[in-house]
Amino acid sequence: MVGMTEIVAAIGAVKGSIETLKAGSDLYQSFKAKEEEASNEELRHLAQRLAEDLFKARLTSLEVQTQLLELQAAVKAEDDFAEKLSLYHLAKTEAGGEIWQLANEEEDGKHFHSAVCPTCVVKSKELYPLQRTKNAYHCAHCGTAISNMTFRPPKKELRVNSRRR
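Values in this document were obtained by computation on a predicted structure and should not be read as measured data.

Enquirer: Is there a simple way to think about the overall build of the protein chain in this case?
Expert: A count of helical and extended segments in the protein chain gives three helices and six strands. Listed by position from the N terminus, the elements making up the protein chain come as α-α-β-β-β-α-β-β-β. Taken across its 165 residues, the protein chain has 24% of its residues classed as buried. Summing over all exposed atoms, the protein chain offers an accessible surface of approximately 12800 Å²; the carbon and sulfur share of this is 55%.

Enquirer: Honestly, a nonpolar patch on the surface in this entry has me stumped. Any pointers?
Expert: A contiguous nonpolar patch, built from Val14, Ile18 and Leu68 and spanning about 240 Å² of accessible area, is present on the exposed surface. Its location among the elements puts Ile18 in helix 1 (residues 4–34). Given a relative accessible area of 54%, Ile18 falls into the exposed group.

Enquirer: Hey, could you run me through the nonpolar core in this one?
Expert: Across soluble globular proteins, nonpolar side chains show a tendency to be buried alongside one another. Formed by Ala91, Ile99, Ala115, Cys117, Cys120, Leu130, Tyr137, Cys139 and Ile146, the largest nonpolar core amounts to nine residues. If we ignore the near neighbours within four places in the chain, the residues touching Leu130 are Ile99, Ala115, Val116, Cys117, Pro118, Tyr137, His138, Cys139 and Ile146.

Enquirer: It is not clear to me how the sheet that holds strand 2 (residues 98–102) should be interpreted in this structure. Could you clarify?
Expert: In space, the three strands of this open sheet follow the order 1-2-3, with antiparallel pairing throughout. Among the strands making up the open sheet, the edge pair consists of strand 1 (88–92) and strand 3 (115–116). Taken together, the two bridges between strand 2 and strand 3 define a ladder with antiparallel strand orientation. Paired with Trp100 across the strands is Val116, a residue of strand 3.

Enquirer: What is the right way to read helix 2 (residues 40–85) from this model?
Expert: Since one α-helical turn is 3.6 residues long, residues separated by three or four positions face the same way. End to end, helix 2 covers 67 Å across 46 residues, agreeing with the expected 68 Å (1.5 Å per residue, within 8%). For helix 2, the set of buried residues is Leu43, Leu46, Leu50, Asp53, Ala57, Thr60, Val64, Leu71, Phe81 and Leu85.

Enquirer: Honestly, the pairing of strand 5 (residues 136–139) in this entry has me stumped. Any pointers?
Expert: Along any regular strand, the residues point their side chains to alternate faces of the sheet. Alignment of strand 4 (residues 130–132) against strand 5, held across three bridges, turns out to be antiparallel. Opposite Gln131, over in strand 5, you have His138 as the bridge partner. Linking two consecutive strands that pair antiparallel, namely strand 4 and strand 5, is a turn of three residues. Pairing between strand 5 and strand 6 (residues 145–147): three bridges, direction antiparallel. Within the sheet, the bridge partner assigned to Ala136 lies in strand 6 and is Ser147. Where strand 5 hands over to strand 6, the hairpin turn is made up of five residues, of which Gly143 adopts a positive phi near 85°.

Enquirer: What exactly am I supposed to notice about the sheet that holds strand 6 here?
Expert: The strands that make up a sheet pair up through hydrogen bonds in the backbone, lying either parallel or antiparallel. Taking strand neighbours across the sheet as the criterion, the three strands line up as 4-5-6 in an open arrangement whose pairing is antiparallel. The outermost strands of the open sheet, each flanked by one partner alone, are strand 4 and strand 6. Direction aside, neighbouring strands of the sheet carry axes that sit 25° apart on average.

Enquirer: It is not clear to me how unusual backbone geometry should be interpreted in this structure. Could you clarify?
Expert: Apart from glycine, the bulk of residues carry a negative phi angle, and the bulk of peptide bonds sit in the trans form. Its identity as a non-glycine residue notwithstanding, Lys125 has a phi of 55°, on the positive side. The topology assignment puts Lys125 in the loop between helix 3 (118–124) and strand 4. Take Lys125: its relative accessible area is 45%, and that puts it in the partly exposed class.

Enquirer: Looking at this structure, I do not really get the environment of Cys120. What am I missing?
Expert: Its place among the elements puts Cys120 in helix 3. Between the alpha carbons of Cys120 and Thr144 there is a distance of 8.9 Å; along the sequence they are 24 residues apart. Excluding residues that lie within four positions of it along the chain, Cys120 makes contacts with Lys125, Glu126, Tyr128, Cys139, His141 and Cys142.

What counts and how
Residues numbered from 1 in each chain as written. Predicted model: local features only at pLDDT ≥ 70, side-chain atom pairs only at ≥ 80, totals over all residues. Heavy atoms only, no water. Helix = DSSP H or I, 4+ residues; strand = E, 2+ residues; numbered from the N terminus. Buried < 20%, exposed > 50% of the residue type's maximum accessible area, 1.4 Å probe, protein only. Areas by Shrake-Rupley, 256 points an atom, 1.4 Å probe, with all protein chains shown as cover. Patch = residues over 30% accessible without salt bridge, like charges linked within 9 Å, V, L, I, M, F, W, Y side chains within 5 Å. Salt bridge = Lys/Arg side-chain N within 4 Å of Asp/Glu carboxyl O. Core = buried A, V, L, I, M, F, W, Y, C linked by side-chain atoms within 4.5 Å. Contact = heavy atoms within 4.5 Å. Pairing = 2+ DSSP bridges. Expected span 1.5 Å × (residues − 1). Axes fitted to C-alpha atoms, helices over the stretch in contact; angles between N-to-C directions.

Spelled out as structure tokens, the structure:
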């Protein structure tokens, strides 16, 4: 999920760019107003300040564009992940653990794993496959093991002592 920090940073950069452009515009208006009565030295000084402000505005604009592209990429990555995850549903194992299991079994093996690690889904926003063994599902990426069977103690045969004394 795109954090509030990234959004606030992008908005702050846009605000800074707008303020710099306004300062440049004000300086240009001052330059135009003093053009007839100012000396060449004053005009050169104003022109230099205007060039500096425009350079700062261009740099700020590039920073804003970069931040917006990064924000756009983060949103796209989250959308792609959500789309992939929508093909799965949470399923309970026999032992009561939860795994993300492919909702449509026809998709299995084409481009998707039949079961993915719930830990990796939450922590890293990635779909890592679970390897199924007789007793558990195992994630090779994070090491999570999810029990697949409930514990049933072995049945003991009751031997009835036929000898009576």
